[in-house]
Amino acid sequence: MEKTVLIVEDEYLIAMDLKFMLERRGWRVIGPVATVAEASRLLEVELPSVALLDVNLGNELVTPLAEELSSLDVPFAVASAYDRPELVGGAVLGDAPNVGKPTAETRLLGVLAKLLEH
């Protein structure tokens, strides 16, 4: 099974770092994209194995996308500097693992591997 990950991150350098880190480890990256609307459009074309979400996307929160992913049964993690992202982005983020920001490669890979077991 091919491992695919949707990356939703509005900071370009962080998004590209995550993309290259995951591609080096055998993941096929969908995106990265910087908005909820762009991510939703990609979901119409292809469902990823997992998703990695930034909580705060400029002037919008990732909450509607997290709700959409949940309804599609796509597991996701957040990459956030917030200790409790659910306090910012809502209850839908409450059970999502947080890989932190900055994101350590070993933590990121471990969390995504666990999400694949979903």
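Our subject in this report is the structure included herewith. (Residues numbered from 1 in each chain as written. Predicted model: local features only at pLDDT ≥ 70, side-chain atom pairs only at ≥ 80, totals over all residues. Heavy atoms only, no water.)

### Remarks on the environment of tyrosine 12
Following the sequence through the fold, tyrosine 12 ends up in helix 1 (residues 12-24). Along the backbone, tyrosine 12 and glutamate 46 are 34 residues apart, and their C-alpha atoms lie at a distance of 22 Å. (Helix = DSSP H or I, 4+ residues; strand = E, 2+ residues; numbered from the N terminus.)

### Topic: the pairing of strand 3 (residues 50-53)
The side-chain alternation of strand 3 yields two buried faces, one formed by Val50 and Leu52 and the other by Ala51 and Leu53. With four bridges connecting them, strand 1 (residues 4-8) and strand 3 associate as parallel partners. Bridge pairing in strand 3 links valine 8 to leucine 53. Here strand 3 runs beside strand 6 (residues 76-78); their pairing, made up of three bridges, is parallel. (Buried < 20%, exposed > 50% of the residue type's maximum accessible area, 1.4 Å probe, protein only. Pairing = 2+ DSSP bridges.)

### Here's the deal with the pattern of salt bridges
Per the counting criterion, the structure on display carries seven salt bridges. Between arginine 28 and glutamate 46 there is a salt bridge; the shortest N-O distance is 2.2 Å. Of this pair, arginine 28 sits in strand 2 (residues 28-33) while glutamate 46 is found in the loop between helix 2 (36-45) and strand 3, placing the two residues 18 residues apart along the sequence. Here aspartate 54 and lysine 101 are joined by a salt bridge, their closest N and O atoms 3.1 Å apart. Taken together, the positions of aspartate 54 in the loop between strand 3 and strand 4 (56-57) and lysine 101 in the loop between helix 4 (86-89) and helix 5 (105-116) put the pair 47 residues apart, joining distant regions of the chain. Salt bridges sharing partners connect three or more residues here, namely Glu2, Arg28 and Glu46. (Salt bridge = Lys/Arg side-chain N within 4 Å of Asp/Glu carboxyl O.)

### So, the sheet that holds strand 6
Overall, parallel pairing links the four strands, which are arranged 2-1-3-6 in an open sheet. Looking at strand neighbours, the two that pair on one side only are strand 2 and strand 6, the edges of this open sheet. Across the sheet, the axes of successive neighbouring strands diverge by a mean angle of 15°, strand direction being ignored. In the packing of helix 3 (residues 63-71) onto the sheet, contacts are made with strand 1, strand 3 and strand 6, and the angle to strand 3 comes to roughly 170°. Contacting strand 1, strand 3 and strand 6, helix 5 runs over the sheet at an angle of about 140° to strand 3. (Axes fitted to C-alpha atoms, helices over the stretch in contact; angles between N-to-C directions. Contact = heavy atoms within 4.5 Å.)

### Observations concerning helix 3
Thr63, Leu65, Ala66 and Leu69 are the residues of helix 3 that are buried. Along the axis of helix 3, the buried positions cluster into a sector of 160°, meaning they face one direction only. Downstream of helix 3 by one or two residues, aspartate 73 has phi in the positive range, about 60°. (Arc of directions from axis to C-beta.)

### Considerations on the pairing of strand 1
For strand 1, a buried count of five out of five residues is recorded, marking the element as mostly surrounded by other parts of the structure. Here strand 1 runs beside strand 2; their pairing, made up of four bridges, is parallel. Paired with threonine 4 across the two strands is arginine 28, which belongs to strand 2. With helix 1 bridging strand 1 and its parallel neighbour strand 2, the resulting β-α-β unit is right-handed. (Right-handed = clockwise from strand over helix to strand, strands pointing away.)

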